[in-house]
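Coordinates in review
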Amino acid sequence: MPEISYLEAIRQALWDEMKRDERVFLLGEDIGRYGGAFGLTYGMLDEFGPERVRETPISEATIIATAIGASLLGMRPVAEIMFMDFMLLAMDQIANQAAKMRFMSGGHTTIPIVIRMPGGSGTGAAAQHSQSLESILMHFPGLKVVNPSTPYDAKGLMLASIRDPNPVCFIEHKLLYKLKGEVPEEDYVIPIGVADIKRAGRDITVVANNIMVNKALNVAEKLSKEGIEVEVIDPRTLLPLDTTTIINSVSRTGRLLVVHEACQTGGWAGEVIATVASSIAFDYMDAPPRRICGKDIPIPYNRGLEKASIPQEFDIEQEIRMLVGGKI
Amino acid sequence: MPVPFIMPKFDMDQEKATIISWLKHEGDYINFGETVLTVETEKVAIDVPSPATGTLSKILYKEGDVVPVTEVIAYVLMDGESSADVEAINSTLQSQPEEDHLNSQEKSTHLTPTTGLIKATPVAKRMANEEGLDISKISPLGGKIKRADVERFLTNKEPIKRVAIPATPAARRVAHENGIDLETIKGSGPRGRIQQTDVQEIIRSISSQKTGINDIESDMLPLTSIQRTIAERMQLSFHEAPHIALTVNVDVKDAEEARNYFNNLAEKQGKPRVTLTALLVKIVGWALVRNPLINSSYYKDSIRLWKVVNIGVATATPQGLVVPVIKGADHMNISEINSTLIDLTNRARENKLNLEDVRGGTFTISNLGMFGIDQFRAIINPPEAAILAVGRIVRRPIVVDNQDHVEVRPMLTLTLSADHRVIDGIVAARFLNDIVSGIEKPSFLLY
């Protein structure tokens, strides 16, 4: 199986789906000649032409509104928001229009759009270009929120997202773009709403998303040498959330740690913990459920402070040691 | 506080009593245990003693009254108390939950589950009915009794004991499942919180304390995997299969003669001697074909009659017990069985059996005759339905004919253990009889 990067896996999914389905087209800022801010759509203008790779003005509201309109007329647009932070400019279109139209029309119409949005810190891009805003999106019924952590999942979930009849927010992480992994060349779909146990373990369940999955896996590998077996669950889709997999896992391990880069307050870790604590897993819990999240501050520009503001492997490791050791 | 004087209950099935006479009166000073009144039950007149020392007060029932048992009939005032103190207890009593409901009925108009006209939703009525509740006992939060009110009533019925002891939910669950009081456990967690391991530790120590065996010094032999397997399988068999055991004594004179004949031949041809076990395998194989129920296995909702006869022979080895299997024993002649058995036994002792050699048995023979055992019962080797336990041959005087002639004959004791879920006594007896006739007249089998 060929090894390609996370970025190439998403490009491959877009490319193949545009070949397969002529209703699929791209729109966004600088996605044509420039190839997008991260080069993800590089070469696609030449292949598919300006009709299907559409450059837009710098107006996120326009991008999403256009995508919604096109989808109402039968198209399957994939819109790019250059930085996730800018989705806030399109929030009315996303939350009040895209998310609700299917419901408010009594099911007479669907909004099959995909909104790609790279989030996350680690590039020194400061407070307005580094946020992880997935928790906000989870608060709007009608949306789906997809968040892959590996090249394999990225391709399979992108194909599923384009084919889904509902608006899907497809969240990428800037630091994952270069991550390589095995990705089949053929067409495959990873179902939306199904979590993946990235590593099985008996001592503690760690639920993490995007780049935190990889950090958690590194910690799990290290602790495994000391006999601490960490189960790492990547929900892959945050809305709808695969609570069954998480609850079953915690029922086995008796301990739960949720890790995300998004700010702690109002973050989805609280949702996971509340779900588990009120489930059958409660009677199996042998330690308080805990979370490690981004600090409740705007992401600093200073690289040292930027690092300090989001969970690092050391933090995850310490927290797991405390939980498994019965010290919290 | 005034002590309520209740109508005592003297008999298990007694519901009420009639007051015959008050021997003391309001204002009398009475001692604990002193007779205060006489009552009559359906059976007998009884003197009722005072529950306390003090002043008798507030007699609520007069002579001739029929009073339900446990009903308050008077109060005993402590020194310095007056009848006003009795009023005080009564008002406290009335604010308790059950009374509360009745009071609120009287006081408020919007909470109106009055008798005979109970306002409840159909779901609430159905639930109350299913749970066997008196719906009039349920007080609603709103105007009507709703599902939530019934649920609240149900959960409140058995109030959860709130413990101030810190413990994780998992620890609480394990303690509850094992009937262990959390108060007896010292928590190892932060701020003394009891964790699952703490409870498990207690469970372990309790189970070893019970026998006292842990106080005795011992060597620990870790189980080998073969030992663990045997342990699990025997436990399973003993637990699940109801064993019956049938014993017969067989005259092996002819069989031993036949074996000697074979062995003389074998010696001349340089072949190995035929063992008694090999002979038994031959006979058992033949008998299993005639009695297919013995060659079967019990499953949850069926009995599987095996279409092959694979006889396992329990064999002692330095590593422990193994049961190599002679496959298709019913189709083999005695010397084939003998040589197969010798090969399997040798390889078993050298620990060189492979998986195929020990799989697929449908019946087992266990022979302890060579160890001087007269007879024994074996545990069935699951999923088989029966096992034959073979004792030693003993020369014994027995009656050999109808004229009471006694001869000394070599006698062998065989005991069949059978799974009664599949095999009843008659089926087992027929099988044993076939084996006996095979042993007593071996010639027709030993072609």
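Each remark here, short or long, concerns the structure printed above.
All values reported here derive from a predicted model rather than from experimental measurement. (Residues numbered from 1 in each chain as written. Chains lettered and ligands numbered in written order. Predicted model: local features only at pLDDT ≥ 70, side-chain atom pairs only at ≥ 80, totals over all residues.)

**With respect to the packing of helix 8 (residues 211–224) of chain A against helix 12 (residues 313–324) of chain A**
Residues and elements named next belong to chain A. Short version of the rule: An axis is simply a line fitted to the C-alpha atoms; with a helix, the fit covers only the stretch in contact. Between two such axes, the angle follows the N-to-C directions and lies from 0 to 180 degrees. Helix and strand assignments come from DSSP, with helices taken as H or I runs of at least 4 residues and strands as E runs of at least 2, each series counted from the N terminus. Just so you know how the angles are binned, under 35 degrees is roughly parallel, over 145 roughly antiparallel, 65 to 115 roughly perpendicular, and the rest oblique. Definitions for this section: a left-handed crossing has its near helix turned counterclockwise from the far helix by less than a right angle. A right-handed crossing has that turn clockwise. Contact between two residues is assigned whenever their backbone-derived C-beta positions fall within 7 Å. Note on residue classes: Ala, Val, Leu, Ile, Met, Phe, Trp, Tyr, Cys and Pro are nonpolar, Asp, Glu, Lys and Arg are charged, and everything else, Gly too, is polar.
Put simply, helix 8 and helix 12 touch, their axes get as near as 9 Å, and they point 50 degrees apart. The orientation of helix 8 with respect to helix 12, classified from their angle, is oblique. Considering only the axes of helix 8 and helix 12, their crossing is right-handed. Packed against helix 8, whose contacting residues are Lys215, Ala216, Asn218, Val219, Lys222 and Leu223, the element helix 12 presents Glu313, Ile316, Glu317 and Ile320 at the interface. A class-by-class count of the residues in the contact of helix 8 with helix 12 yields 5 nonpolar, 1 polar and 4 charged.

**Concerning the nonpolar core**
Here is the rule: We call a set of buried Ala, Val, Leu, Ile, Met, Phe, Trp, Tyr and Cys residues a nonpolar core when their C-beta atoms link them within 7 Å. Each residue is classed by its C-beta neighbour count within 10 Å, where at least 20 other C-beta atoms makes it buried, 12 or fewer makes it exposed, and intermediate counts make it partly exposed; the C-beta atoms are placed from backbone geometry.
With 106 residues, the main nonpolar core has Ile115, Cys169, Val206, Ala216 and Ile320 of chain A as its most contacted residues. For Ile320 of chain A, the residues in contact, after removing those within four places along its chain, are Ile204, Val219, Leu223, Ile228, Val230 and Leu257 of chain A. The next biggest cluster of nonpolar side chains, apart from the first, holds 53 residues, and it includes Val250, Ile283, Val284 and Tyr298 of chain B.

**Some details on the sheet that holds strand 11 (residues 230–234) of chain A**
Whether parallel or antiparallel, the strands of a sheet pair through hydrogen bonds between backbone atoms. Residues and elements named next belong to chain A. Inclusion rule: Only strands joined by at least two bridges in the DSSP assignment are considered to pair.
Spatial strand order, 9-11-10-13-14: 5 strands in an open sheet with mixed pairing. Of all the strands in the sheet, just strand 9 (196–199) and strand 14 (290–294) have a single pairing partner and so form its edges. For this sheet, the mean angle separating the axes of adjacent strands, direction not counted, is 25 degrees. Pairing of strand 10 (residues 204–208) with strand 13 (residues 256–263), which is carried by 4 bridges, proceeds in the parallel orientation. Each residue of the ladder has a partner; that of Val207, found in strand 13, is Val258. Helix 9 (residues 243–253) rests against strand 9, strand 10, strand 11 and strand 13 of the sheet, and its axis sits at about 155 degrees to strand 10. Helix-sheet contacts for helix 10 (residues 268–277) involve strand 10, strand 13 and strand 14, and the interaxial angle to strand 13 is about 155 degrees.

**Some details on the packing of helix 5 (residues 169–177) of chain B against helix 6 (residues 196–211) of chain B**
Residues and elements named next belong to chain B. Helix 6 packs onto helix 5 with a crossing angle of 20 degrees between their chain directions and a minimal axis gap of 7 Å. It follows that helix 5 is roughly parallel to helix 6 by the angle criterion. Residue-level inspection shows Ala170, Ala171, Val174 and Ala175 of helix 5 in contact with helix 6, the latter providing Gln196, Asp198, Val199 and Gln200. Considering only residue class, the contact of helix 5 with helix 6 consists of 5 nonpolar, 2 polar and 1 charged.

**Concerning the environment of Asp286 of chain A**
You can see Asp286 of chain A is positioned in the loop between helix 10 and strand 14. Residue class for Asp286 of chain A comes out buried when judged on the 25 C-beta atoms lying within 10 Å of it. For the pair Asp286 of chain A and Arg255 of chain A, spaced 31 residues apart in sequence, the C-alpha to C-alpha distance is 6.1 Å. If sequence neighbours within four positions are ignored, Asp286 of chain A has contacts with Gly254 and Arg255 of chain A together with Thr168, Ala170, Ala171, Gln195 and Gln196 of chain B.

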